[in-house]
Amino acid sequence: MKKLIFAIGLTVASVGVHANTLTNVEIVTVTNEDKKVEIEAAKLPEAITKVLAETKKDSKIVKAFQVLGAEDKVLGYEVILLTEGAEETLAFNDAGVLKS
């Protein structure tokens, strides 16, 4: 009987501690000021079209985006491809180099 009362007391205490840690959660808001602007595939940098022609020649460009930061500075590009019925998104830096 003592073991049962001890187990119940331990359970209640641990729930109380767990509940206390949940009430002391700090909420952090992250804002992403970068924006994506859709562009025509023909307006992609030559470095990107070259990479796509060499590595994804059986794929079709569905959408292309320019990623802009503060003061509309070009940070990179995103390209959505359709390959054998599946969409794939590739990210490139501002120089047109594929990000890993």
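To be clear, the structure that these remarks concern was listed above.
Read on for a plain summary of the structure. Predicted model only: the values in this text are computed from it and were never measured. Think of each chain on its own: its residues are numbered from 1, step by step along the sequence as written. Two thresholds apply to this predicted model, a pLDDT of at least 70 for residue-level local features and 80 or more for giving and counting side-chain atom pairs, whereas whole-chain, interface and lining totals are computed over all residues. Based on all heavy atoms of the structure, the side-chain values leave hydrogens and waters out of the count.

1. Let's talk about the overall build of the protein
Then step 1. Numbering of helices and strands starts at the N terminus; helices are DSSP runs of H or I of at least 4 residues and strands are runs of E of at least 2. Of regular secondary structure, the protein possesses two helices and four strands.
Then step 2. Along the protein, helices (α) and strands (β) appear in the sequence α-β-α-β-β-β when read from the amino end.
Then step 3. Three exposure classes are used, based on accessible area relative to the maximum for each residue type with a 1.4 Å probe and protein chains only: buried under 20%, partly exposed in between, and exposed over 50%. Put simply, the protein has 100 residues, and 18% of those count as buried.
Then step 4. A separation of at least 24 residues holds for 40% of the contacts in the protein among residues at least 6 apart in sequence. We call two residues contacting when some pair of their heavy atoms lies within 4.5 Å.

2. Some thoughts on the pattern of salt bridges
Where charged atoms from two side chains of opposite charge approach closely, those side chains can pair.
Then step 1. For this analysis, a salt bridge means a side-chain nitrogen from Lys or Arg found within 4 Å of a carboxyl oxygen belonging to Asp or Glu. Counted by the stated rule, this structure contains three salt bridges.
Then step 2. In this structure, the salt-bridge partner of Asp72 is Lys35, at a minimum N-O distance of 3.0 Å. One end of the pair, Asp72, is in the loop between strand E2 (60–68) and strand E3 (74–83); the other, Lys35, is in strand E1 (residues 35–39), with 37 residues separating them in the sequence.
Then step 3. For Asp72, a relative accessible area of 45% corresponds to the partly exposed category.
Then step 4. A residue is classified by how much of its surface remains accessible, and Lys35, at 40% relative accessible area, is partly exposed.
Then step 5. Here Lys36 ties to Glu78 by a salt bridge, and the two come within 3.1 Å at their closest N and O atoms. Of the two residues, Lys36 sits in strand E1 while Glu78 sits in strand E3, which places them 42 residues apart along the sequence.
Then step 6. Residue Lys36 is classed as partly exposed on the basis of its relative accessible area, which comes to 48%.

3. Description of unusual backbone geometry
Then step 1. You will see that Glu71, though not glycine, has its phi angle at about 55 degrees, which is positive.
Then step 2. Among the structural elements, Glu71 can be located in the loop between E2 and E3.
Then step 3. Phi at Glu84 is positive, roughly 50 degrees, even though this residue is not glycine.
Then step 4. Within the secondary structure, Glu84 is located in the loop between E3 and strand E4 (86–93).

4. What to know about the nonpolar core
Then step 1. Core analysis: the biggest nonpolar cluster contains 10 residues, these being Ile39, Leu44, Ile48, Leu52, Ala64, Tyr77, Val79, Leu81, Leu90 and Phe92.
Then step 2. Going through the elements one at a time, helix H2 (46–55), E3 and E4 are the ones with two or more residues in this core.
Then step 3. In terms of residue count, E3 provides more of this core than any other element does, three residues in total.
Then step 4. Ignoring anything within four residues of it in the chain, the contact list for Leu90 reads Leu52, Lys56, Tyr77, Glu78, Val79, Leu81 and Leu98. Here, the term nonpolar core denotes a set of buried Ala, Val, Leu, Ile, Met, Phe, Trp, Tyr and Cys residues that are joined through side-chain atoms within 4.5 Å.

5. Comments concerning the environment of Ile48
Then step 1. Along the chain, Ile48 turns up in helix H2.
Then step 2. The buried category is assigned to Ile48, whose relative accessible area is 0%.
Then step 3. Sequence separation of Ile48 and Leu98 is 50 residues, and the distance between their C-alpha atoms is 7.7 Å.
Then step 4. If near-sequence neighbours (up to four positions away) are discounted, Ile48 is found in contact with Tyr77, Val79, Phe92 and Gly96.

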